[in-house]
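# Residue-level structure breakdown
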Amino acid sequence: MPEVMINGPAGRLEGRYTHGTIPNAPMALLLHPHPHHNGTMNNKVVFTLFQSFTKRGYSALRFNFRGVGRSQGTYDKGEGELADAAAALDWLQTHNPNAPVCWIAGVSFGAWIGMQLLMRRPEIDGFVSVSPPANLFDFSFLAPCPSSGLIIHGDKDELVPGAAVNKLVTKLSHQKDIRIDHRVVPGANHFFANRSDDLAVQVDDYLDRAMGNPVAAVAE
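Residues numbered from 1 in each chain as written. Predicted model: local features only at pLDDT ≥ 70, side-chain atom pairs only at ≥ 80, totals over all residues. Heavy atoms only, no water.

Labelled according to an unreviewed UniProt entry, the chain appears under the name Alpha/beta hydrolase, originating from Azospirillum aestuarii.

Right, here's the structure in full:
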């Protein structure tokens, strides 16, 4: 899992990258939780998502937003972090020019940034949003939401009430041609402490249903 340094709008961004194991592999960008709440690319939920994509042969990139770890710059209340994510996606596309599919996956604050990037980059085909902070950040920009995806959270989330996530899911599900797979993990809190295996099972199932398994397809 090579370390990479990406030229971001506020300086270098520290990342970890795994290149796809199949020809013309699909790609995925992973976004971590809030920088002011110990969010880093090494967050266990982010790593779980990263593994879900890489074991399917995807090219996958996770990175630290500005001011986190060895990434340069300082926290910018979301605006700068969105620019960081766009720069990371540019880097990922440069290294995967023939990727047929692009996914965005984010955790908490990273889910909010990911959905904003989804609105700005039509090449993103699908999303995974884990514990989207629907009560803490404005998601009204998803009008309309351009892609279908997975929204997953725990029923013991201490930061985001289930009702707030349900409201977001309902809003998106009523949009034309958009299919939201909404899953709730019993016993899981906001960061899926002691429930990362349960999260992996749900994400793996969704990815297999949504995209099939490219590794298996090549093996056949």
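On we go.
## Examining unusual backbone geometry
The amide bond that connects Ala143 to the next residue, Pro144, takes the cis arrangement and shows omega of -5 degrees. In this fold, Pro144 is placed in the loop between strand E6 (126-130) and strand E7 (149-154). One non-glycine residue, Asn38, lies in the positive phi region at around 65 degrees. Mapped onto the elements of the fold, Asn38 is located in the loop between strand E3 (27-31) and helix H1 (44-54). Given a relative accessible area of 72%, Asn38 falls into the exposed group. In this structure, Asp177 takes a positive phi of about 65 degrees despite not being glycine. Judged by its relative accessible area of 62%, Asp177 is exposed. (Helix = DSSP H or I, 4+ residues; strand = E, 2+ residues; numbered from the N terminus. Buried < 20%, exposed > 50% of the residue type's maximum accessible area, 1.4 Å probe, protein only.)

## Describing the pattern of salt bridges
According to the stated counting rule, one finds 13 salt bridges in the structure shown. Among the salt bridges present, the one from Arg209 reaches Asp205, with a minimum N-O distance of 2.8 Å. Of the two residues, Arg209 and Asp205 both sit in helix H5 (residues 196-211), four residues apart, roughly one turn of that helix. Take Asp205: its relative accessible area is 27%, and that puts it in the partly exposed class. Through salt bridges with shared partners, one network takes in Glu3, Glu14, Arg16 and Arg70. (Salt bridge = Lys/Arg side-chain N within 4 Å of Asp/Glu carboxyl O.)

## A look at the packing of helix H2 (residues 79-95) against helix H3 (residues 109-120)
Between H2 and H3, the shortest axis-to-axis distance is 10 Å and the interhelical angle comes to 65 degrees. Judged by the twist between their axes, the crossing of H2 over H3 is right-handed. Residues Glu81, Leu82, Ala85, Ala86 and Leu89 of H2 form the contact with H3, whose own contacting residues are Phe109, Ile113, Gln116, Leu117 and Arg120. For the contact of H2 with H3, the residue count by class is seven nonpolar, one polar and two charged. (Axes fitted to C-alpha atoms, helices over the stretch in contact; angles between N-to-C directions. Left-handed = near helix turned anticlockwise from the far one by under 90°. Contact = heavy atoms within 4.5 Å. Nonpolar A, V, L, I, M, F, W, Y, C, P; charged D, E, K, R; others polar.)

## Topic: the packing of aromatic side chains
Working definition: an aromatic ring pair is given by the centre-to-centre distance plus the angle between the planes. Evaluated as defined, the whole model comprises twelve aromatic pairs. For the ring pair Phe109 and Phe137, a centre distance of 5.9 Å and an interplane angle of 65 degrees mean the geometry is edge-to-face. With Phe109 in helix H3 and Phe137 in the loop between E6 and E7, the pair connects residues that are 28 residues apart, well separated along the chain. Note on Phe109: relative accessible area 1%, which makes it buried. Taken together through their ring pairs, the aromatic side chains of Phe63, Phe65, Tyr75, Phe109, Trp112 and Phe137 make up a single cluster. Here Arg62 stacks its cationic end above the ring of Phe50, 4.9 Å away from the centre of that ring. (Phe/Tyr/Trp six-rings, centres within 6.5 Å; stacked < 30°, edge-to-face > 60°. Lys NZ or Arg CZ within 6 Å of the ring centre and 35° of its normal.)

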